[in-house]
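Here are the chains, one letter per residue:
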Amino acid sequence: MLRGRVLEAGAATPVAGADVRAACHEISTVTDADGAWRLLLPPGPHELVIEHLAFATETVAVPAGTDSPVRIRLTPRPVALSVLVVTASRRLQQLKDVPIATEVVGRAELERSGSPDLSAVLTERTGVSVEGGHPIGQGVMLQGLGSERVLVLLDGQPFIGRLSGSLDLSRIPTSMIERVEVVKGPQSTLYGSDAMGGVVNVITRSPAQGVWKGGVDVTGGSNGRIDITGNVLGGIGDAAYAIDGGRRTIELVPGHSGESGTFATRWDGNARVQWELSDALAVSAGGLVLDERQRWRTGPVFNFVDNVQWGARTGAVYSSGAHRFSPTLYATEFRHLTRRSTLPQPVAGSDDEQEIQRLLEAELLYAYAGDAVAIDAGVELRREGIHSDRVDGHDRALHSAEPFAQATWTGGSWSVVPGVRLSWSEQWGAHLTPRVAAMLRPSDHLAVRASVGRGFRAPSFKELYMDFLNTGAGAGYRVRGNPELRPESSTNVSGSVEWSGERVYSRVQLFYNRFDDFIETRELAPDSELMAFTYANIDDGETWGTELELGTTWGGLRAEAGYAWLRARDRTSGETLLGRPEHSARGSLGYALAFGLRANASATYSGPTPISRLGDGTLVERAALTRVDARVAQSLPWGLELSAGIDNIFDAVVAEYPGYLGRQVYLGLGWRGARELN
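Residues numbered from 1 in each chain as written. Predicted model: local features only at pLDDT ≥ 70, side-chain atom pairs only at ≥ 80, totals over all residues. Heavy atoms only, no water.

A. Structural detail: the overall build of the protein chain. Secondary structure assignment for the protein chain yields 4 helices and 42 strands. Computed over its C-alpha atoms, the radius of gyration of the protein chain comes to 26 Å, within 12% of the 26 Å expected for a compact globule of 678 residues. Seen along its three principal axes, the alpha-carbon backbone of the protein chain occupies a region of about 100 × 55 × 50 Å. Taken over 678 residues, the protein chain has a buried fraction of 48%. Counted over contacts in the protein chain with a minimum sequence separation of 6, partners at least 24 positions apart contribute 58%. (Helix = DSSP H or I, 4+ residues; strand = E, 2+ residues; numbered from the N terminus. Rg over C-alpha atoms; globule rule 2.2 N^0.38 Å. Buried < 20%, exposed > 50% of the residue type's maximum accessible area, 1.4 Å probe, protein only. Contact = heavy atoms within 4.5 Å.)

Structure follows, in structure tokens:
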């Protein structure tokens, strides 16, 4: 009898579910949770073939008379095509089957990066640019379309809290994330407004049945950084849960480059529970709480921001044969309070400004999985509300109804996916967003994808109803909303070619976006000495470009590289659009050793970026930036792990960058534990 274990090369962690087969015999087995296997074979030398969807296939020769356990090490594939994703079609699919190119940042990559929040993770991806520059946080830009046109989801539901159109992704800690799915280009057919530039879907840790898992991480570093996070996952019988929580504090403010008088403190908690009531019915519930306090200085004045956000979700999945029904009810609220004082602590007064954003959403999804066709359809009912002193009438609400449907026809190596969504609002009427996507997979390693579709973004409450007066010493201005605004719209054409071998991965993607009626500010004739502005559908433009990615793995070695080229211009004037670097690139190199040491280094490059235009049309550019980060981690006994890292090793700093850039050093200690439950 032959016996042994299958381990991941470098990391030496067990590989469960690997197929171990004797090449000359019809005998095979599957590794257990500990990677162990046994085969009853006749005497003599044998050749074993070990296969797993997430690893490169290995062939091992075993000499005759071998009695000791055979250790087999598998190299992880550069991209795990077997991983399940949900964003591209609003249903679970293997990554290799999605019709739209989808990028996945998994838990292992999150841990390798050492990044404390989602913003830091995404800005290391190919073709993703950071936005910010003022203390509302850091958002991201996809395919040249900014943060206000990128939809962010948390477990498939909208993550609210936009300020000045930007959504601060640093509010979401990486400690609660299982994976992040990024789909670039308009996804309005499936997700409606705000998805013109793409969708970022953050999937939190999933409940685990039959096991108990827990972990605690403590990290300290430069600028007073102290992060404490913990999680526990488990379940007995038909019930399972996942709970994450933490506190993060640092003497910096996201999106702001200053250090004087600054700090940000955040508490966060997230929980998910699910019950398998029967083979056909499962119910789930989840909740999120975020609480943050921030301070920064503007001259002699201290600025204070308090943000409190909560979200609650309950849903069910009922399956009957090839049919599946998924009702969901989701509610969330974001409270934003700003204060100013000449003292280093806030003082309640007449200059306090509070804004409350609310969203209530009910949806019913239907899915049919046939042999040659699959159907995904649904309807979403939504109520959005805002309370703000800067909004005319202080309280506003919008109601919308949005049915959609998408079909997937497959035939051997190809699939065609048409879809359409009808979005209706009491404010701006109906809007139709069709899309057709197709994929050809002539071999297991090669995939060709193409799509053409429409996108749109509805005007925000502030663009519609803002009535804001800002006065200062010797200067001031007024901003008024425009209730006659139309939704923005865009047309996207994209295509990609992807090669995914057992040890090499490469992808080339081309895209073109043409947008119409983008909403921008417009100066009005002043009715007093104050300047006055409003919003109007005045900007037509286009973005186009390409993204190249390459990755390889060998044993414990992993190397990746990416490059993005982007052009963006106004179609009327022909001028270059601001805030978008033409060239950007990234690279990373990681190595894992069998005794538990893991090292990773990454570099990101953002080329010269136009940030303003002089009266004679001359562009003012922000200088190029190259940043290098490194992190090492060593496994210790009793489930402990010690880690250390340096962000921006060479202390590269450029003026007008949207956020803090100085070198930061950190040290962390973590603990992981697991136990099977009876």
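Okay, back to it.
B. Structural view of the sheet that holds strand S2 (residues 19-22). The antiparallel open sheet is built from 4 strands, whose spatial order is S3-S2-S5-S6. This sheet does not close on itself; its edge strands, each paired only once, are strand S3 (28-30) and strand S6 (55-62). Across the sheet, the mean angle separating the axes of adjacent strands is 15 degrees when strand polarity is ignored. Sheet topology places S2 next to S3; 3 bridges connect them, and they run antiparallel. Its bridge partner lying in S3, Asp19 is registered against Val30. (Pairing = 2+ DSSP bridges. Axes fitted to C-alpha atoms, helices over the stretch in contact; angles between N-to-C directions.)

C. Just the pattern of salt bridges, in detail. In total, this model carries 51 salt bridges according to the counting rule given. Of the charged contacts, one joins Arg77 and Glu502 as a salt bridge, the two residues approaching to 3.7 Å between their closest N and O atoms. A residue pair is termed long-range when its members are at least 10 positions apart, and Arg77 in the loop between strand S7 (70-74) and strand S8 (84-85) and Glu502 in the loop between strand S32 (488-500) and strand S33 (504-524) qualify at 425 residues. Its relative accessible area of 25% is what places Glu502 among the partly exposed residues. The network of salt bridges with common partners includes Glu103, Glu109, Arg125, Lys184, Arg507, Glu547, Glu549, Arg558, Glu560 and Arg586. (Salt bridge = Lys/Arg side-chain N within 4 Å of Asp/Glu carboxyl O.)

D. Main features of the sheet that holds strand S10 (residues 102-106). The strand order across the open sheet built from 5 strands is S10-S15-S16-S13-S14, with neighbouring strands paired in mixed fashion. Looking at which strands have only one partner, the edges of the open sheet turn out to be S10 and strand S14 (157-158). The pairing of strand S13 (residues 150-154) with S14 spans 2 bridges and is classified as antiparallel. Across the sheet, residue Leu154 finds its bridge partner in S14, namely Gln157.

E. Highlighting a nonpolar patch on the surface. Residues Trp409, Trp414, Val416, Val436, Leu440, Val448, Val452, Val493 and Val497 make up a contiguous nonpolar surface patch of roughly 730 Å² in combined accessible area. For the nonpolar patch, the secondary structure elements donating two or more residues are strand S27 (414-425), strand S28 (429-440), strand S29 (446-457) and S32. Inspection of the secondary structure puts Val452 in strand S29. (Patch = residues over 30% accessible without salt bridge, like charges linked within 9 Å, V, L, I, M, F, W, Y side chains within 5 Å. Areas by Shrake-Rupley, 256 points an atom, 1.4 Å probe, with all protein chains shown as cover.)

F. Examining the nonpolar core more closely. If you look at the biggest cluster of nonpolar residues, it comprises 23 residues, and the most contacted ones within it are Leu118, Leu122, Phe159, Leu169, Ile177, Val180 and Val202. Taken together, the elements giving at least two residues each to this core come down to helix H2 (118-122), strand S12 (139-142), S13, strand S15 (177-184), strand S16 (198-204) and strand S21 (281-298). If we ignore the near neighbours within four places in the chain, the residues touching Val180 are Glu103, Val104, Val105, Leu118, Leu122, Val200 and Asn201. (Core = buried A, V, L, I, M, F, W, Y, C linked by side-chain atoms within 4.5 Å.)

G. Broad picture of unusual backbone geometry. Residue Trp638 is not a glycine yet carries a positive backbone phi of 65 degrees. Along the chain, the position of Trp638 falls in the loop between strand S40 (625-635) and strand S41 (640-647). Despite not being glycine, Asn648 has its phi angle at roughly 60 degrees, a positive value. Classification of Asn648 by relative accessible area gives buried; the value is 1%.

H. The arrangement of the packing of aromatic side chains in detail. If you walk through the whole model with that rule in mind, you get 5 aromatic pairs. Ring centres of Trp428 and Phe456 lie 5.6 Å apart, and the angle between their planes is 65 degrees; on these two criteria the pair is classed as edge-to-face. With Trp428 in the loop between S27 and S28 and Phe456 in strand S29, this pair connects stretches of sequence that are 28 residues apart. You can call Phe456 buried: its relative accessible area is 0%. Cation over ring: Arg149 sits above Phe518, and NZ or CZ is 3.8 Å from the ring centre. (Phe/Tyr/Trp six-rings, centres within 6.5 Å; stacked < 30°, edge-to-face > 60°. Lys NZ or Arg CZ within 6 Å of the ring centre and 35° of its normal.)

I. Representation of the environment of Ser326. Take Ser326: it is sitting in strand S23 (residues 323-341). Taking the C-alpha atoms as reference points, Ser326 and Gly501, separated by 175 residues in sequence, lie 36 Å from one another. With near-sequence residues (within four places) excluded, Ser326 lies in contact with Ala316, Val317, Glu363, Leu364 and Leu365.

J. Representation of the side chain of Thr249 within the structure. Here Thr249 is to be found in strand S19 (residues 239-250). Given the relative accessible area of 15%, Thr249 is considered buried.

K. View of the pairing of strand S38 (residues 609-613). Note that S38 and strand S39 (residues 619-622) share 4 bridges and pair antiparallel. For Thr609, the partnering residue across the bridge sits in S39 and is Arg622. The turn linking S38 back onto S39 is made up of 5 residues, and Gly617 within it adopts a positive phi angle of 90 degrees.

L. Structural view of the environment of Val140. Structurally, Val140 is set in strand S12. The sequence separation of Val140 and Ser119 amounts to 21 residues, and the corresponding C-alpha distance is 7.5 Å. When near neighbours in sequence (up to four residues on either side) are disregarded, Val140 contacts Leu122, Val128, Ser129, Glu131, Leu145, Gly146, Ser147, Val150 and Leu169.

M. Molecular detail of the side chain of Lys462. In this fold, Lys462 is placed in helix H4 (residues 461-465). Ignoring any residue separated from it by four or fewer positions in sequence, one finds Lys462 in contact with Ser164, Glu355, Ile386, Gly481 and Tyr535.

As far as function goes, none of this settles anything; it's purely spatial.
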